[in-house]
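# Report on the structure
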There are 4 protein chains.
Amino acid sequence: MSDAQTFSQKQSPKTTKERVYDVIFGYDSKAGRWFDLALICMITASVLAVMLDSVLSIHQKYTALLFTLEWIFTVCFTIEYGFRIYSSPKPRTYIFSFYGIIDLLSILPTYIAFLFPAAAYLIIVRILRVLRIFRILKMFRYIGEADILFSALLKARRKIFVFMFTVLILITIFGTLMFIIEGPTNGFVNIPQSIYWAIVTITTVGYGDISPHTPFGQAIAALAMICGYAIIAVPTGIIGAEILQEFKLDGTRKHNNSKRCGECGLDSHANDASFCRVCGSKLAS
Amino acid sequence: MSDAQTFSQKQSPKTTKERVYDVIFGYDSKAGRWFDLALICMITASVLAVMLDSVLSIHQKYTALLFTLEWIFTVCFTIEYGFRIYSSPKPRTYIFSFYGIIDLLSILPTYIAFLFPAAAYLIIVRILRVLRIFRILKMFRYIGEADILFSALLKARRKIFVFMFTVLILITIFGTLMFIIEGPTNGFVNIPQSIYWAIVTITTVGYGDISPHTPFGQAIAALAMICGYAIIAVPTGIIGAEILQEFKLDGTRKHNNSKRCGECGLDSHANDASFCRVCGSKLAS
Amino acid sequence: MSDAQTFSQKQSPKTTKERVYDVIFGYDSKAGRWFDLALICMITASVLAVMLDSVLSIHQKYTALLFTLEWIFTVCFTIEYGFRIYSSPKPRTYIFSFYGIIDLLSILPTYIAFLFPAAAYLIIVRILRVLRIFRILKMFRYIGEADILFSALLKARRKIFVFMFTVLILITIFGTLMFIIEGPTNGFVNIPQSIYWAIVTITTVGYGDISPHTPFGQAIAALAMICGYAIIAVPTGIIGAEILQEFKLDGTRKHNNSKRCGECGLDSHANDASFCRVCGSKLAS
Amino acid sequence: MSDAQTFSQKQSPKTTKERVYDVIFGYDSKAGRWFDLALICMITASVLAVMLDSVLSIHQKYTALLFTLEWIFTVCFTIEYGFRIYSSPKPRTYIFSFYGIIDLLSILPTYIAFLFPAAAYLIIVRILRVLRIFRILKMFRYIGEADILFSALLKARRKIFVFMFTVLILITIFGTLMFIIEGPTNGFVNIPQSIYWAIVTITTVGYGDISPHTPFGQAIAALAMICGYAIIAVPTGIIGAEILQEFKLDGTRKHNNSKRCGECGLDSHANDASFCRVCGSKLAS
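Residues numbered from 1 in each chain as written. Chains lettered and ligands numbered in written order. Predicted model: local features only at pLDDT ≥ 70, side-chain atom pairs only at ≥ 80, totals over all residues. Heavy atoms only, no water.

### Digging into the overall build of chain A
- In terms of regular secondary structure, chain A is built from 13 helices and 0 strands.
- Counted from the first residue to the last, chain A has its helices and strands arranged as α-α-α-α-α-α-α-α-α-α-α-α-α.
- Counting across all 285 residues of chain A, residues that qualify as buried make up 46%.
- In chain A, 53% of the contacts between residues at least 6 apart in sequence involve partners at least 24 apart.
- A total accessible area of about 14,100 Å² is found for chain A, and carbon and sulfur atoms account for 69% of it. (Helix = DSSP H or I, 4+ residues; strand = E, 2+ residues; numbered from the N terminus. Buried < 20%, exposed > 50% of the residue type's maximum accessible area, 1.4 Å probe, protein only. Contact = heavy atoms within 4.5 Å. Areas by Shrake-Rupley, 256 points an atom, 1.4 Å probe, with all protein chains shown as cover.)

Quick look at the structure:
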């Protein structure tokens, strides 16, 4: 992104490479924005095509159409990938970046299916094709609003980890307890399965595919449910508090940069303040 | 609403049109409030009638009564709709407003059923009738408390969008993964169906109509559940923080009443302010 | 409660009525606290007895014991009720207060079963007996910590109402839509039943007794789930913000009562402040 | 922990006992950290072994291997337990501490199985073995980040108790009501079972193993669901507010570092303070 700014700040006439870069990587020019919009549409369309292809009735009816679409999308994305490498000031950095790898993964499966056309691999190919779903992750590049959320989650990560670890222990204990109490005859076949049940219960999903039958098992299950119901409050509290801190930092940043009293040094002035509210001296705008 | 104020501020004797307007659109006069209350009761009654009509045993027993009620409500609402158009200072604006369209949609179905009385259309008519449920939306007009909530949600909309987009990607990835792992033999018939399962799981609804059977599928499902359980904290945090910000704004606004600059009239001064921050004149403590 | 204070502040020797009042209604004396503790234990025991009596195997085995216990509890609670009326300074106020009515309701059912011993009413009697469960509500009298929570909920009540109303409309719309889309053949028998399904889904309970079968129905259900999953953030945000406000009020109250600068009038001083932090003049302790 | 500090502050050459203490209990030295890491890995491995042993197919295939592993882990943990007692400055305090008891419980089951090798007890032994799961609780010792969370939960404990008590009453009332309304014919066999249903519903788990069938029962169930859905907001609000308070305390503590009275050393001054609020001397800005 800093590269994009460097390019646009230069006053000298742009080279072809720089122009391509502006369109593909940039967000400032009109062409860049149109390119991004078109790309998002194509990514969504290609993902939808893969999804529809998995529906048996649609697959049988539109085999040829979906196959053609699949190749059109792959070719387009390949050309785009080539242009990205060509125009990037540091191609290696791009290729091994997170999005560079996703861009590659989203075109490879179709080609692999082409090189190994043996009928037996067809199903595997479809599995690989589905990886293209990661293409949708690209869209994230286009959203800048996520910053506050991301920053809050980053700061909360250690607290979330402690919480998650506690939940893990609770799940293990409840799962094991239920295996002992209910046992294989009531559907709690083994400890991993019982832990699966504990996760289904504590997260309040509650499929009902495995459920306690003995009164004591139901009592323990009830305890697990109340636990799960109550502890959800913890991550919510953590993240809520962190987001609020981010809001305040944001506010303070806007605050501090703009105003500071030259006389008394007070710096928490409102945006529209022209005079220091404590000593009454004029503020530098 | 601004029209209502304009009308009531006028000192000259009111015309019939203005009086009708005051009763139908206004909230200030006693007649207007009684009209609103009666309307809410009628809307609720008509919605309940449609609901009860859908219960087979009630429909068979009270066919005539429900049919009569249906027509009484429709005629009343039609008269009301006519008076709204008549009394509105700008009828076109009302007709094409959100509530104008809902008002029309809530009376049309019964008439359409009348014009095409062919037996074959009866079922379709019932479907159209149900649209009258939107009448209930009218009630919203009567609640002013929703402002803080609405403002908080409006400010949070971009963060909520980023969150929803992340959830969408997670749902797509988990749905596709489960389709690959579990496959059609375990109920994951195609990707859209698997995505439906992912939504049921991540939102912690958990019907249990589709559930994983292989150990690996259950592991991925467990991961999806924990994801869903943890990320609910994010929108809660966002909206909690926004509502708190609204409270503070509200507090600042109320605050204004106590401290007001005698010179320039600015009234949002901090508690410890001795000087107006805009014009610099001393504040009366 | 203010009566209790009045009684204990009097210096003159107490009458029997006052002593009984102190034990039954009071919390200050040792006897009063022991009485409360014993009462809580008896209430819990009587509720557990009713619960166990509902289990068929226990009922058949311990019919006589449970019957005797039932009568012991009823007699004890009746004596207590009598003493409450006797010792209360304003008996009528007590009898028609919330707890007075609950106290009466918790003893009446057993007597009604005694007056109408006809075998046919036995089952109805059991139903009435269960009302004694309300006795447990008495326990609330013993907890004072609930104030901040209650105050926060009280202040949030209008916002919660707006939220609940929105949820109600959403539930009605989703329920009706699903009735039209899925219809009686897929378990959505009538609109009330479909609304029940919508509640089960939007609250993320998800029994799975009714679930959509058509792709379009599943899409609408998915939308309902995501709605329910996202909007839970709203009441959480409201109540979180209100509780935080209560905390601040609590803090401010502690703050304000203690300190105010006589010179400059600044009143947000910390508890340990001896000098005004803005003008430096000494604070009155 | 304070003992660890005492040890490391001493300048004199360490005895063997002190060195063992540093490795086993300490976190400061490199050896201590490596020991902790190795211990966490072994605990996790031993828990996984117990889990896999519960899967029938794995148990039959790897009986000998899992049995050997079991004994290796038990011997290792026994040696560790011995060293902890040996090196601890106050062995009795360690043995009767929370972790001392868990450490003992995590090695005992295997020995008890050895002393009573009768085939009939084998299944019971496995149940005892599972208690070793508590070993995982040891890991907690290694995480210090949990402090803020723990402190917030500790402060919120009384409010959480009030909330939990309210939920308990709600669950009892709803459970009893549903037993009366739906009755044994619809799966609500007795009050305890109905209370189990109420917990499953109010916590929004919703297995669907017991679900209402009568219209009135479904209406009450809907009410229970909406209750459960709405009141989850309360603990979330409580904990969110408490965490935020912890953040502020934390911030105040950090804050202190920047502004400090030169006279009396007090360092928790507000941002706009010009004078020390305790001794009244001017603060350096």
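### Regarding empty space enclosed by the protein
- Going through the model one piece at a time under the given rule, you end up with 7 cavities of 30 Å³ or more.
- In this structure, the largest cavity encloses a volume near 290 Å³.
- Contributions of two or more residues to the lining of the largest cavity are made by α12 (215–231) of chain A, α12 (215–231) of chain B together with α12 (215–231) of chain D.
- Its residues assigned to classes, the lining of the largest cavity comprises 8 nonpolar, 14 polar and no charged.
- Lining the second largest cavity we find 20 residues, and of these A:G240, A:A241, B:G240, C:G240 and D:G240 sit closest to its centre.
- When the residues that make up the lining of the second largest cavity are grouped by side-chain class, the tally is 8 nonpolar, 12 polar and no charged. (1 Å grid on protein atoms, 1.4 Å probe; cavity = no way out; pocket = protein on both sides within 12 Å on 5 of 7 lines; lining within 4 Å. Points joined across faces, edges and corners; volume = space filled by probe spheres on them. Nonpolar A, V, L, I, M, F, W, Y, C, P; charged D, E, K, R; others polar.)

### Details of unusual backbone geometry
- Positive phi, normally seen in glycine, also occurs at A:T204, with a value near 60°.
- Structurally, A:T204 is set in the loop between α11 (191–202) and α12.

### Examining the interface of chain D and chain A
- Residue-level contacts link 43 residues of chain D with 46 residues of chain A.
- Between chain D and chain A, roughly 4,000 Å² of surface is buried when both sides are summed, and carbon and sulfur atoms account for 79% of that area.
- For the interface between chain D and chain A, the tally reads 0 salt bridges.
- Taken together, the links from chain D to chain A amount to 6 residue pairs in polar contact (both at pLDDT 80 or more).
- Among the elements of the structure, α3 (30–54), α9 (122–130), α10 (147–181), α11 (191–202), α12 and α13 (233–255) of chain D are those that each provide at least two residues to the side of chain D that touches chain A. (Buried area = accessible area lost by both parts, 1.4 Å probe. Salt bridge = Lys/Arg side-chain N within 4 Å of Asp/Glu carboxyl O. Polar contact = N/O pair within 3.5 Å; in protein donor to acceptor, adjacent residues only side chain to side chain.)

### Some remarks on the side chain of A:S54
- Assignment of secondary structure puts A:S54 in the loop between α3 (30–53) and α4 (56–61).
- Since its relative accessible area comes to 7%, A:S54 is described here as buried.
- For A:S54, the side chain forms a polar contact with the main-chain nitrogen of B:I191, separated by 2.7 Å.
- Excluding anything up to four places from it in sequence, A:S54 contacts B:F179, B:V189, B:N190, B:I191 and B:P192.

### Points about the packing of aromatic side chains
All names here are of chain A.
- Inspection of every chain in the model, using the stated rule, returns 16 aromatic pairs over all chains.
- Measuring from ring centre to ring centre gives 6.4 Å for F73 and F77, while their planes differ by 20°; the resulting arrangement is stacked. Within this pair, F73 and its partner F77 are both found in helix α5 (residues 63–87), separated by 4 residues, close to a single helical turn. (Phe/Tyr/Trp six-rings, centres within 6.5 Å; stacked < 30°, edge-to-face > 60°.)

### So, the pattern of salt bridges
Residues and elements named next belong to chain A.
- Within the structure shown, the criterion is met by 4 salt bridges over all chains.
- The residue E80 makes a salt bridge to R84 at a minimum N-O spacing of 2.7 Å. In this pair, E80 and R84 are both assigned in helix α5, 4 residues apart and thus about one turn of the helix distant. Take E80 and R84: they sit in the same class, and that class is buried.

### Some words on the relation of the copies chain D and chain A
- If you rotate chain D by 90° and push it 0.0 Å along the axis, it lands on chain A with an RMSD of 0.1 Å. The operation mapping one copy onto its partner corresponds to a four-fold rotation axis.
- Take the interface residues of chain D: only 19% of them recur as interface residues in chain A, which is what a contact between different surfaces looks like. (Least-squares fit on C-alpha atoms with pLDDT ≥ 70 in both.)

### Quick word on the side chain of D:Q218
- Inspection of the secondary structure puts D:Q218 in helix α12.
- D:Q218 sits in the buried class, given a relative accessible area of 9%.
- At a separation of 3.4 Å, a polar atom in the side chain of D:Q218 contacts the side chain of C:Q193.
- Ignoring anything within four residues of it in the chain, the contact list for D:Q218 reads C:Q193, C:Y196, D:E182, D:P212 and D:H213.

### Quick notes on the environment of D:Y81
Residue and element names in this part refer to chain D.
- With respect to the helices and strands, Y81 occurs in helix α5 (residues 63–87).
- According to the relative accessible area criterion, Y81 is buried, its value standing at 11%.
- Along the primary structure Y81 and I24 are separated by 57 residues, whereas in three dimensions their C-alpha atoms are 9.9 Å apart.
- Beyond its immediate chain neighbours, meaning those up to four positions away, Y81 contacts Y94, I95, G100, D103, L104 and I107.

### Focus on the packing of α11(A) against α12(A)
All names here are of chain A.
- Where α11 contacts α12, the axes come no closer than 8 Å and their chain directions differ by 50°. For the element pair α11 / α12, the angle class is oblique. Contact residues: α11 offers W197, T201 and I202, while α12 offers A221, A224, M225 and G228.
- Across the contact of α11 with α12, the residue classes tally to 5 nonpolar, 2 polar and no charged. (Axes fitted to C-alpha atoms, helices over the stretch in contact; angles between N-to-C directions. Parallel < 35°, antiparallel > 145°, perpendicular 65-115°, else oblique.)

### What to know about helix α3 (residues 30–53) of chain B
- Between the first and last C-alpha of α3(B) there are 35 Å, a value that for 24 residues agrees with the 34 Å anticipated at 1.5 Å per step.
- For α3(B), the complete set of buried residues consists of B:G32, B:D36, B:L39, B:I43, B:S46, B:V47, B:A49, B:V50, B:M51 and B:D53. (Expected span 1.5 Å × (residues − 1).)

### Side note on the confidence of the model for chain A
All names here are of chain A.
- The predicted model of chain A has a mean per-residue pLDDT of 74, with 69% of residues at 70 or higher.
- Confidence, expressed as mean pLDDT per element, reaches its minimum in chain A at helix α1 (residues 2–9) with 46 and its maximum at α11 with 91.
- This model gives residues 253–258 a pLDDT under 50, and the stretch forms 8 contacts once residues within four places in sequence are excluded.
- For this predicted complex, the interface confidence reaches an ipTM of 0.74, while the overall pTM sits at 0.78. (pLDDT = per-residue confidence, 0-100.)

### Some details on a positive patch on the surface
- A surface patch of positive charge is lined by A:K248, B:K248, C:K248 and D:K248.
- On the accessibility criterion, C:K248 (30% relative accessible area) is partly exposed. (Patch = residues over 30% accessible without salt bridge, like charges linked within 9 Å, V, L, I, M, F, W, Y side chains within 5 Å. Lys, Arg positive; Asp, Glu negative; His and termini not counted. Charge placed at Lys NZ, Arg CZ, Asp CG, Glu CD.)

### Regarding a nonpolar patch on the surface
- Nonpolar side chains collect at one region of the surface, where A:V75, A:I79, A:F83 and A:Y86 lie side by side and expose about 360 Å² of accessible area between them.
- Mapped onto the secondary structure, A:V75 falls in helix α5.

### Comments concerning the environment of D:I232
- Turning to its location among the elements, D:I232 is positioned in the loop between α12 and α13.
- Assessed through its relative accessible area of 11%, D:I232 is described here as buried.
- The spatial distance from the C-alpha of D:I232 to the C-alpha of D:I202 is 9.3 Å, given a sequence separation of 30 residues.
- The contacts of D:I232, once residues within four sequence positions are left out, are A:Y229, A:I232 and C:I232.

### Some thoughts on the environment of A:S211
- Summarising the element assignment, A:S211 is placed in the loop between α11 and α12.
- We classify A:S211 as buried; its relative accessible area is 7%.
- Taking C-alpha positions, A:S211 is 8.5 Å from A:A221, a pair spaced 10 residues apart along the chain.
- Each residue touching A:S211, except ones within four places of it in the same chain, is listed here: A:N186, A:F188, A:W197, D:Y207 and D:D209.

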